[in-house]
Amino acid sequence: MKRLILFSFAFCFINFTFSQNNENNKKQSLAYGIKAGYNGIQIKIVNETSDYIQKDAGVYVGGFVNIPTSEGGSIQTELIYSSSRYNSRDNLELLHLPASYRFTLSNDFSGFIGTEAQYLLGVGNIENSYFNDLMFGFFFGASYKITPQIHIEARPYFSFTKLLENGPTEHRRLNTLQIGLAYQF
């Protein structure tokens, strides 16, 4: 039930951002685009005897909609698919639903901060019932405009919820780092 409420909240927030229509939006139009890049994961594994960090890499692809809200600000919603190695045999596949506020730092640089919901699509051949299907966290980052249509960006994501929880003494928390290119139409 808690997951349903949180997912509904994220869905309503994304719908609210699409429904905004003010004077600034009439002057500036919506921007659509695609993005792809490197997806580095860091899983903190805590058990009864120790805790350690597992790091691995993968890729992400997705699309975005950028909605201007003011002269130097906008709201951007995205839908991203990522795949990274979870262990030596299995891939961790996630669907990311980030929503961020973007602001201009200088002529070609911009910053952003936002929240993200991640939906677990699968973990290779491992039974998914052991994992949380829906995770929430926050991210921040920066973007550099190479050309008016092509941007390079980087952002770390920090999870509030756990990827896996087996009682009070064993759990896994997932954080990511995404570095990639975005093409705006």
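Because the structure is predicted, anything quoted here is derived from the model rather than measured.

Definitions and cut-offs
- Residues numbered from 1 in each chain as written.
- Predicted model: local features only at pLDDT ≥ 70, side-chain atom pairs only at ≥ 80, totals over all residues.
- Heavy atoms only, no water.
- Salt bridge = Lys/Arg side-chain N within 4 Å of Asp/Glu carboxyl O.
- Helix = DSSP H or I, 4+ residues; strand = E, 2+ residues; numbered from the N terminus.
- Buried < 20%, exposed > 50% of the residue type's maximum accessible area, 1.4 Å probe, protein only.
- Contact = heavy atoms within 4.5 Å.
- Polar contact = N/O pair within 3.5 Å; in protein donor to acceptor, adjacent residues only side chain to side chain.
- pLDDT = per-residue confidence, 0-100.
- Core = buried A, V, L, I, M, F, W, Y, C linked by side-chain atoms within 4.5 Å.

**Re the pattern of salt bridges**
Piece 1. Here the structure, examined in full by the defined rule, presents 5 salt bridges.
Piece 2. Residue Lys-35 pairs with Glu-153 through a salt bridge whose shortest N-O separation is 2.3 Å. Placement of Lys-35 in strand E1 (residues 31-46) and of Glu-153 in strand E7 (residues 150-159) is noted, with a sequence separation of 118 residues between them. When sorted by exposure, Lys-35 lands in the same class as Glu-153, which is buried.
Piece 3. Across the pair Glu-153 and Arg-102 runs a salt bridge, and its minimum N-O distance is 3.3 Å. Note that Glu-153 is positioned in strand E7 and Arg-102 in strand E4 (residues 91-104), a separation of 51 residues in sequence.

**A few points about the environment of Thr-77**
Piece 1. With respect to the secondary-structure elements, Thr-77 resides in strand E3 (residues 73-85).
Piece 2. Overall, the relative accessible area of 5% leaves Thr-77 in the buried class.
Piece 3. Sequence separation between Thr-77 and Ala-99 is 22 residues, and the spatial gap between their C-alpha atoms is 4.4 Å.

**Things to note about the environment of Ser-74**
Piece 1. Structurally, Ser-74 is set in strand E3.
Piece 2. With 28 residues separating them in the primary sequence, Ser-74 and Arg-102 have C-alpha atoms 5.2 Å apart.
Piece 3. Ignoring any residue separated from it by four or fewer positions in sequence, one finds Ser-74 in contact with Asn-66, Ile-67, Pro-68, Thr-69, Ser-100, Tyr-101 and Arg-102.
Piece 4. In this structure the side chain of Ser-74 is engaged in a polar contact, spanning 3.1 Å, whose partner is the side chain of Asn-66.

**Focus: the confidence of the model for the protein chain**
Piece 1. Summarising the model, the protein chain shows a mean pLDDT of 85, and 84% of its residues fall at 70 or more.
Piece 2. pLDDT under 50 marks residues 21-26. Its contacts with residues more than four places away, or in other chains, come to 8 contacts.

**Let's talk about the nonpolar core**
Piece 1. In terms of nonpolar packing, the biggest core is built from 16 residues, with Ile-43, Tyr-86, Leu-92, Phe-131, Leu-163 and Leu-174 touching the most fellow members.
Piece 2. Contributing elements (two or more residues each) for this core: E1, E4, strand E5 (109-123) and strand E6 (134-145).
Piece 3. When residues no more than four places from it in sequence are discounted, the contact partners of Tyr-86 are Ile-43, Gln-54, Asn-91, Leu-92, Val-123, Ile-126, Phe-131, Leu-163 and Arg-172.

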